[in-house]
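The lines below spell out each chain.
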Amino acid sequence: MLSKTIKTFTALVAMSALGATGAFAQESDDPIIIPTHNWNSQIVMSHVVGKLLERAGYNVEYTPTDSQAVYESVRLGDVTLELEVWEGAFGQSFNAALKKGGIVDVGDHNAVTREDWWYPAYMEELCPGLPDWQALNRCASQFATPETSPKGRFLAGPVDWLKHDQERVDALGMDFIVVNAGSASALWAELESASKRRAPIVLFNWTPNFIEAVYEGKFIEFPEYGKGCKDDPAWGPNKEETHDCGNPANGYLKKAAWDGMEAKWPGAYRILEKLSFTNPQIAKMAALVDVDELEPEEAADVWLDENEQVWKSWLQ
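The notes below deal with the structure included here. (Residues numbered from 1 in each chain as written. Predicted model: local features only at pLDDT ≥ 70, side-chain atom pairs only at ≥ 80, totals over all residues. Heavy atoms only, no water.)

1. Quick notes on the sheet that holds strand S10 (residues 253-258)
Across the sheet, which stays open at both edges, the three strands sit in the order S3-S10-S4 with antiparallel pairing between neighbours. The sheet is open, and its two edges are formed by strand S3 (81-86) and strand S4 (103-108), each paired on a single side. Along the sheet, successive strands turn relative to each other by an average axial angle of 30°, direction set aside. For S3 and S10, the ladder comprises four bridges, and the chain directions are antiparallel. In the sheet register, Glu82 faces S10, and the bridge partner there is Ala256. (Pairing = 2+ DSSP bridges. Helix = DSSP H or I, 4+ residues; strand = E, 2+ residues; numbered from the N terminus. Axes fitted to C-alpha atoms, helices over the stretch in contact; angles between N-to-C directions.)

In structure tokens, the structure reads:
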């Protein structure tokens, strides 16, 4: 009984400090459920935020969730929030959920995102004209593998990231075959192997990500993204197909929440509103796992220890 009283008092103090409306209403003891996906910055960030919420007196649980289906899960209240809504990968799923109702936009991180085809810098010697997509297409045979020959191979992310790479290949008439990696780790393993041999490779990459601190390279420049690209065939160079463009070059990274979160855990909702990560901070989260080989929970502890000046004000 004493433990529950202390916990409730801690949550109320956190709410009052944040200036929450109705700060003296008791918050729920139910767990705040945070989904985790299949790339390391999101997993580490989830544990960073979860640990901060625990410090504020909340119960927290984590659950692996498909990165596209998560927006329906948030909308229905099966999970409480989503910390990495990438515009290029998940904007359509997020917007569809917003239209249905039950999910709210809790604002942007300071980070600016880009997700697209990428190559290591040495490829410019082997394929003149890069990063232009037409130059890449002229060099397609150089990227061929036994499973794709005579066409080049584009190594895409996991299928559930839903990047519409095949639609782009078709719309732009590219001589490439899309091959999906099973995980983010599989992408980096192939990049490491190819880079050691200076072998041709073009693969899916994104920023913020630890890769930019380890490998020099560039994104392929496709026809510039516009709002009609993904749903209006008349938009873009191919007047009969959609997806004839690149992904947004300066995409958002949003936070989202179940629309019942603010009423049930108002103090936690205020923390979610205030928190915001930058590109270098997110890249460091990924590097702690992908480079330093820590477990995500350990990486979260290290990040919190090294960045108290960043997160302390979120809990005040």
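The discussion continues.
2. Quick word on the side chain of Asp244
Residue position: Asp244 is located in the loop between strand S9 (217-219) and S10. In this structure, Asp244 is buried with no salt-bridge partner, the nearest side chain bearing the opposite charge being Lys239 at 6.5 Å. When neighbours within four sequence positions are excluded, Asp244 is seen to be in contact with Ala171, Leu172, Pro223, Cys229, Trp235, Gly236, Pro237 and Asn238. (Buried < 20%, exposed > 50% of the residue type's maximum accessible area, 1.4 Å probe, protein only. Lys, Arg positive; Asp, Glu negative; His and termini not counted. Salt bridge = Lys/Arg side-chain N within 4 Å of Asp/Glu carboxyl O. Contact = heavy atoms within 4.5 Å.)

3. A few points about the nonpolar core
Counting residues in hydrophobic clusters, the biggest one holds 91 residues, and the most contacted among them are Trp117, Phe176 and Phe277. Both domain 1 (28-112 + 251-315) and domain 2 (114-219) contribute no fewer than three residues apiece to this core. Those residues in contact with Phe176 that sit more than four places away from it in its chain are Trp117, Leu136, Asn137, Ala140, Phe143, Lys151, Gly152, Arg153, Phe154, Val169 and Val202. (Core = buried A, V, L, I, M, F, W, Y, C linked by side-chain atoms within 4.5 Å. Domains from an automatic or database assignment.)

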